[in-house]
Amino acid sequence: MSLILKNVSKQFDDASQSTLNHIDLEIRDGEFLCIVGKSGCGKSTLLNLVAGLDQPTEGEILLNGQKVTGPGADRVVMFQEHALFPWRNVIENVKFGMEIAGLPKAEQEEKAMHYLRMMQLEDYRDYPIHQLSGGMRQRVALARALTLDSQILLMDEPFSALDKQTSNRLRKELQEIWMSMKKTILFITHSVEEAVYLGDRVVVMSDVTGSIKDVVPIELERPRYVYDEKFVEYRHRILSEVQGEEEV
Amino acid sequence: MKKNKGKTLGVILFFAGILIAWQLVYFAGVDLLSIWKSYAMPSPSGVWISFIKLAGDGSLLAAIVYSLVRGAIGYLIALVIGAVLGFLMNHFEYLHRNLRPLVMGIQTLPSICWVPFSILWFGLTQQAIIFVVVMGSAFGMAISVDNAIRNVPSICLKAARTMGANKRQIYRKVILPASLPEMVSGLKQGWSFAWRALMSGEVMTTCTGLGQTLITGRNLADINQVMLVMIVIVLTGIVIDQTVFRQIEKRVYAKRGM
Ligand SMILES: Nc1ncnc2c1ncn2[C@@H]1O[C@H](COP(=O)(O)OP(=O)(O)OP(=O)(O)O)[C@@H](O)[C@H]1O
Ligand SMILES: [Mg+2]
C-alpha cells in the first residue's frame with residue numbers, strides 16, 4: 001500500500017481563497033497517521049479528497065500509483081456522526097459493505113461476527129441502532145469499516161461527538177486493534193492528545209495558509225500513557241504549533 | 001387500562017352529545033320555530049331512517065364497494081405515475097428545476113377542474129371517474145416521492161459510496177429504505193386526495209357509487225340521504241386510512257424507533 005498526495009490544492013467554487021494549498025504527503029504502509037489543526041483548517045476537506053468524495057482543483061492523489069478519481073471500498077471512511085443505517089440492525093449494518101462487494105452469505109456472517117466480537121458487541125447482534133449508545137454506534141461503524149479489509153482506513157474525528165470518558169475508552173481500543181492489525185489509518189482530529197496517543201506521525205495543518213505546517217514523528221512505545229513525561233512533552237510542542245498562529 | 005376505558009367513554013359521550021345537540025337544534029328550528037323547512041335540514045333520526053332503507057336493500061353496501069374499487073384502481077394508477085414522475089424529477093436535475101414547479105402548480109388544482117376534460121375524453125363512464133382520481137392524486141404523490149428521496153441524509157449516501165456501492169446499489173439499498181417512512185406518509189396523503197377526487201368524479205356521472213347515491217338524494221330532495229352519504233364518505237375514508245395506511249406506517253416507523 002502506498003498513498004501519495006502530490007501538490008494537492010482545493011478551492012471551493014464559492015470561496016475567495018484556497019482551502020488547501022500545495023499539500024505534499026505520503027502515507028506509509030501500515031502507518032497510523034494523524035492530522036491535527038484548528039476547526040476550519042481543511043482537515044475534512046483533505047480526507048474527502050483522499051476518499052474520492054471530492055476532487056482536488058490542483059495536484060493528484062495516488063493510491064498504489066493509481067490516480068484516485070472517486071470513492072471506493074479500498075478507502076473506507078468512518079465519519080464523526082455514526083453514519084449507520086437506521087433501518088438495519090447491528091449485524092445487518094456490519095454486513096452492508098460485504099453485501100455490496102457480493103461476498104458469500106456464510107462469509108459475511110463469519111466476518112461480521114468476528115469484528116462484532118472484537119468490538120465486544122456480539123450480544124448486540126440483533127439490536128436496532130436507535131437502542132445503542134453513541135459509543136456503541138461508533139464501534140459498530142468501526143466493525144463495519146474493518147470488514148472490508150480496505151487498503152487504508154480514513155477516520156474523520158470519529159470520537160469527537162462522544163463524551164470524554166467514552167472517547168478515551170474507544171481510542172484505547174483503537175490503539176489495541178491497530179497494534180494487532182497494523183492497518184494503515186489516516187486519522188483526523190482536533191485533539192492533540194488524541195493525535196499523540198494514536199499516531200506514528202502527527203501532521204499539523206495551518207488554518208492561515210491551508211498547508212502542512214509540520215510533521216512530527218511520535219517516538220513513543222505503545223501502549224502509550226497520557227501522563228508519561230515524553231507524552232506531555234510531545235503534546236505541549238504540538239499544541240503550541242497548532243495554537244501558535246493566534247499570536248501572529 | 002383504566003385510562004383507556006376513560007378515553008373510550010369520553011369519545012362516546014362526545015359523539016352522543018353531538019347527536020343530541022343536533023336533534024335538539026333540528027327540533028327547535030324545524031318543529032318549534034319553523035325557521036327551516038324539514039326538507040332542507042337533516043336530522044339524526046331522519047339519517048337513521050335513510051340508513052335503514054339503503055342498508056336494507058343493499059344499495060349502500062354496493063355503493064361503498066363500487067366506490068372503493070374505483071378509488072383503489074385510480075389510486076394504484078396514480079401511485080405508479082407518481083412514483084415514476086417523482087423519481088424522474090429527482091434523478092434529473094433538469095427536470096427538477098423545470099418540471100417540478102409545473103407539477104407543483106398542477107397539484108394545487110382542485111380535482112373537480114379535471115371533470116370537463118374527463119367527460120369530453122371518456123364520456124360518462126368509469127374511466128372518466130378514474131381519470132379524475134388519477135389527476136387529483138398523482139402529482140401530489142410525485143412531489144412527495146421527490147421530497148422523500150431528496151431528504152435522505154447525505155451522510156448515508158456518502159457512507160455507502162465509500163464502501164464501494166454503485167448507483168443501482170445506492171438506490172436499492174440506501175435511498176429506497178431511507179426514504180420509505182416519508183414516502184409512506186406521502187402515499188397516505190395521496191389516498192386522501194384520491195378519495196376526494198373520486199367523489200368529484202362520481203357526482204358527475206351515473207355509475208353506481210357513493211357520489212351517485214349522494215346526487216340521487218339531492219334529486220329526490222332527500223336531505224337525510226345526502227347527509228347519510230356524506231357521513232359514509234368520511235367514515236370509509238377514515239377506515240381505509242387507519243386499516244391500510246396507518247398500519248404500514250406503524251410498521252415502517254417501529255423498525256427505526258421513530
Ligand atoms: N462544500 C464546501 N463548499 C464551500 N466551502 C467549504 C465546503 N466544505 C468546506 N468548506 C470550507 O472549507 C474550510 C475547511 O473546512 P473543513 O470542513 O475541511 O474544516 P475542518 O478542518 O474539517 O474543520 P472541523 O475541525 O470543524 O471539522 C472551511 O472554511 C469551510 O467553510
Ligand atoms: Mg471536519
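Residues numbered from 1 in each chain as written. Chains lettered and ligands numbered in written order. Predicted model: local features only at pLDDT ≥ 70, side-chain atom pairs only at ≥ 80, totals over all residues. Heavy atoms only, no water.

**Section: the site of ligand 1**
Residues and elements named next belong to chain A.
- Contacts to ligand 1 come from F12, D14, T19, K38, S39, G40, C41, G42, K43, S44, T45 and E157.
- A distance of 3.5 Å is found between an oxygen atom of ligand 1 and a side-chain nitrogen or oxygen belonging to T19.
- A distance of 3.2 Å is found between an oxygen atom of ligand 1 and a side-chain nitrogen or oxygen belonging to E157.
- For ligand 1, the protein covers 57% of the area, taking 640 Å² as the surface of the free molecule.
- Partitioning the shell around ligand 1 into residue classes produces 2 nonpolar, 6 polar and 4 charged. (Near = heavy atom within 4 Å. Polar contact = N/O pair within 3.5 Å; in protein donor to acceptor, adjacent residues only side chain to side chain. Areas by Shrake-Rupley, 256 points an atom, 1.4 Å probe, with all protein chains shown as cover. Nonpolar A, V, L, I, M, F, W, Y, C, P; charged D, E, K, R; others polar.)

**A few points about the domain arrangement of chain B**
Residues and elements named next belong to chain B.
- Here the domain parsing of chain B yields domain 1 (1–41) and domain 2 (43–255).
- One C-alpha centre belongs to domain 1, the other to domain 2, and the line joining them spans 32 Å.
- On the domain 2 side, the residues contacting the 8 residues of domain 1 number 7 residues.
- Sorting the residues of domain 1 by area buried against domain 2 places W22, Q23 and Y39 first, and these three jointly supply 67% of that buried surface.
- Where domain 1 packs against domain 2, one counts 1 residue pair in polar contact (both at pLDDT 80 or more).
- Per-class residue counts for the side of domain 1 that touches domain 2 are 6 nonpolar, 2 polar and no charged. (Domains from an automatic or database assignment. Contact = heavy atoms within 4.5 Å. Buried area = accessible area lost by both parts, 1.4 Å probe.)

**Brief notes about the packing of helix α8 (residues 167–202) of chain B against helix α9 (residues 210–219) of chain B**
Residue and element names in this part refer to chain B.
- At a minimum axis separation of 7 Å, α8 and α9 run at an interaxial angle of 50°. Between α8 and α9, the angle is such that the two are oblique. Here α8 and α9 pass one another in a crossing that is right-handed. Of the residues in α9, those in contact with W195, M199 and E202 of α8 are L210, G211 and Q212.
- Grouping the constituent residues of the contact of α8 with α9 by class yields 3 nonpolar, 2 polar and 1 charged. (Axes fitted to C-alpha atoms, helices over the stretch in contact; angles between N-to-C directions. Helix = DSSP H or I, 4+ residues; strand = E, 2+ residues; numbered from the N terminus. Parallel < 35°, antiparallel > 145°, perpendicular 65-115°, else oblique. Left-handed = near helix turned anticlockwise from the far one by under 90°.)

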